[in-house]
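One letter stands for each residue in the lines below.
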Amino acid sequence: MTKRAVLLFGAGASVEYKAPSTAAITAKIERQVMADDWMKACGGDTAYQAIKNRLQSYLQRPDDVNFEQIYHCAHELSYSFPHTEGAMNEFRPLLPAFTTLTEPLDARALRALCGKITDVIYSQFSAACDGNPLSLAPLSAFIEKIRRTHITRIYTTNYDDFILQAAPDLYTGSANVAAAGPQQFELRKFWERSDDASVFYLHGSVHLGFPHPMPQGSEIGDLYWFHVRDEARKHARFDGSDVSRMDGTQIMRTSVVTGLDKLSRLQQRPMSHYYAGLAADLMRADIIYVIGSGLTDLHLNSWLHEARSLSPAVPLLFVDYWNGHFLEATAFDAHRKEILLFHELRVHAKGPYGGVRVGEHWTLSPDGMSAIWDNGFQSFLAAQDELDDVLIRLKCKT
């Protein structure tokens, strides 16, 4: 088997399994922050409300504010205080020399708020993994279908484990044994197993945690894989040293990556290897599936762009939801996702004349090198005959 397929999953692939939407997790975080006694004691609730109020008055619509924006502001503000007296230059944050905070926010409160946000994210997505009302059999069949003909490399920005539930034998970068203890990332084997069917969690997982006490041979801040989610949740927090950035600020270590500056957070193991693996796999792929992605992660778009810039371009199938009417939805208007789809991913299909309709929900680009499914992930899984038809029409041997 020499053909290779890369599948990149985003949040839209999990919402039908009842994983929390952005709006839902934002509301849940706010309720728990405001009700938490420690947040009230340290000022985390005040910091949350101050950041939310400022963003609501700044953004075009108050409802646009979401948890990633709030986390980003809380995290960056927590490092915007004057440096410790006597600190070396590399530990002196630069921006405080030019800015002064006007909000009465406390650094400890901001750090506590960031920790609380990641705690709620972790717990809510972990619970969603047990509360899925849908069968995973269609997802299992889809993954198995690709595995029969392609080396299958799956990458996801989601924290849930629906993909692993559907295909438990996929390689994750750690030993695939149901051991009780935490599993260390296989630093050498990860690269030796580049042809194995795999799933890698680019932005962290509800299976990752910081074991305590530290296992022998581990380094400070190493993330380990826990096969049991409840055990991983006990070790989701890290309260030790942060990771330094070149501007004198730092990054808090977390087992789930959130906020708006994800690329900086991908420098810790194992995510740094996942990200490097994604780049290598995309550039060697014979076909790419992008499923349920809002294309907001620009660090991922950059490598999709590179793969689509090859000559010939790597064929790409984009699975998302436009209420079953992609051509009509893009006939006279395009939002951020559609603009990125056209320009970054080079999917040159736009209604009413920029695409060829195939069946009820596929739109084939005029160059025959990409196609769009517009009726959601579950509907896509149920229409594999239509997928087969589109694959035949693509101008490539997939």
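Before reading further, recall that the structure is shown in the block above.
What counts and what doesn't
Residues numbered from 1 in each chain as written. Predicted model: local features only at pLDDT ≥ 70, side-chain atom pairs only at ≥ 80, totals over all residues. Heavy atoms only, no water. Buried < 20%, exposed > 50% of the residue type's maximum accessible area, 1.4 Å probe, protein only. Helix = DSSP H or I, 4+ residues; strand = E, 2+ residues; numbered from the N terminus. Pairing = 2+ DSSP bridges. Right-handed = clockwise from strand over helix to strand, strands pointing away. Salt bridge = Lys/Arg side-chain N within 4 Å of Asp/Glu carboxyl O. 1 Å grid on protein atoms, 1.4 Å probe; cavity = no way out; pocket = protein on both sides within 12 Å on 5 of 7 lines; lining within 4 Å. Points joined across faces, edges and corners; volume = space filled by probe spheres on them. Nonpolar A, V, L, I, M, F, W, Y, C, P; charged D, E, K, R; others polar. Contact = heavy atoms within 4.5 Å. Polar contact = N/O pair within 3.5 Å; in protein donor to acceptor, adjacent residues only side chain to side chain. Axes fitted to C-alpha atoms, helices over the stretch in contact; angles between N-to-C directions. Phe/Tyr/Trp six-rings, centres within 6.5 Å; stacked < 30°, edge-to-face > 60°. Lys NZ or Arg CZ within 6 Å of the ring centre and 35° of its normal. Lys, Arg positive; Asp, Glu negative; His and termini not counted.

1. Some words on the pairing of strand β9 (residues 316-319)
Then step 1. Alternating residues of β9 divide into L316 and F318 and L317 and V319, and every residue in both groups is buried.
Then step 2. Both strand β8 (residues 287-291) and β9 contribute to a ladder of four bridges, which runs parallel. Along β9, the bridge assignment pairs V290 with F318.
Then step 3. As for the winding sense of the linkage, the β-α-β connection from β8 through helix α12 (residues 298-309) to β9 is right-handed.
Then step 4. Pairing of β9 with strand β12 (residues 370-373), which is carried by four bridges, proceeds in the parallel orientation. Following the sheet pairing, V319 is matched in β12 by W373.

2. Looking at the pattern of salt bridges
Then step 1. One pass over the full model with this rule turns up 24 salt bridges.
Then step 2. The partner of D281 in a salt bridge is R4, with the nearest N and O atoms 3.1 Å apart. A residue pair is termed long-range when its members are at least 10 positions apart, and D281 in helix α11 (residues 271-284) and R4 in strand β1 (residues 4-9) qualify at 277 residues.
Then step 3. D281 serves as the salt-bridge partner of R153, at 2.8 Å between the closest nitrogen and oxygen. A residue pair is termed long-range when its members are at least 10 positions apart, and R153 in strand β2 (residues 151-156) and D281 in helix α11 qualify at 128 residues.
Then step 4. Here R153 falls in the buried class, since its relative accessible area comes to 3%.
Then step 5. Owing to a relative accessible area of 2%, D281 belongs among the buried residues under this scheme.

3. Brief notes about empty space enclosed by the protein
Then step 1. Overall, the coordinates contain three cavities of 30 Å³ or more when judged by the stated rule.
Then step 2. Its volume calculated, the largest cavity comes out at about 60 Å³.
Then step 3. Taken together, F9, A13, S14, Y17, L139, T156, N158, D160, F162, I163 and F377 form the lining of the largest cavity.
Then step 4. Its residues placed into classes, the lining of the largest cavity shows seven nonpolar, three polar and one charged.
Then step 5. For the second largest cavity, the calculated volume is near 40 Å³.

4. With respect to the environment of N375
Then step 1. Relative to the helices and strands, N375 resides in the loop between β12 and α15 (377-381).
Then step 2. With 76 residues separating them along the chain, N375 and H299 place their C-alpha atoms 26 Å apart.
Then step 3. The residues contacting N375, other than those within four sequence positions of it, are D320, Y321, N323, G324 and H361.
Then step 4. There is a polar contact of 3.0 Å between the side chain of N375 and the side chain of S379.

5. Some thoughts on the sheet that holds strand β10 (residues 356-358)
Then step 1. Read from one edge to the other, the open sheet built from eight strands follows the order β3-β2-β1-β8-β9-β12-β11-β10, with strand pairing classed as mixed. Both edges of this open sheet fall to β3 (198-201) and β10, since each of them pairs with a single strand only. Neighbour to neighbour, the strand axes of the sheet diverge by 20° on average, direction disregarded.
Then step 2. Across the sheet, α12 touches β1, β8, β9 and β12, and the angle it forms with β8 is around 150°.

6. What about helix α4 (residues 67-77)?
Then step 1. Regarding α4, the residues found buried are F67, E68, Q69, I70, Y71, A74 and H75.
Then step 2. Those residues of α4 hidden inside the fold are in contact with α1 (22-35), α3 (44-58), α5 (107-130), β7 (250-251) and α10 (262-265).
Then step 3. Put simply, N66 is the residue that caps the front of α4, since its side-chain oxygen is 3.0 Å from the backbone nitrogen of E68.

7. Let's talk about the packing of aromatic side chains
Then step 1. In the structure shown here, the tally under the stated rule is 21 aromatic pairs.
Then step 2. Ring pairs connect the aromatic residues F9, F142, Y289, W362, W373, F377 and F380, which therefore count as one cluster.
Then step 3. The ring of W322 has K337 lying over it, and the distance from NZ or CZ to the ring centre is 4.7 Å.

8. Considering the side chain of D297
Then step 1. On the secondary structure map, D297 appears in the loop between β8 and α12.
Then step 2. On the basis of relative accessible area, D297 is assigned to the buried category, the value being 13%.
Then step 3. For D297, the contacting residues outside a window of four places in its chain are T157, H203 and K262.

9. Some words on the side chain of R308
Then step 1. Relative to the helices and strands, R308 is located in helix α12.
Then step 2. Notably, R308 is buried but unbridged: the nearest opposite-charge side chain belongs to D367, and the N-O separation is 4.9 Å.
Then step 3. Of note is the side chain of R308, whose polar atom sits 3.1 Å from the backbone oxygen of M369.
Then step 4. With residues near it in sequence (within four places) discarded, R308 still touches A313, V314, P315, L316, L345, R346, V347, M369 and S370.

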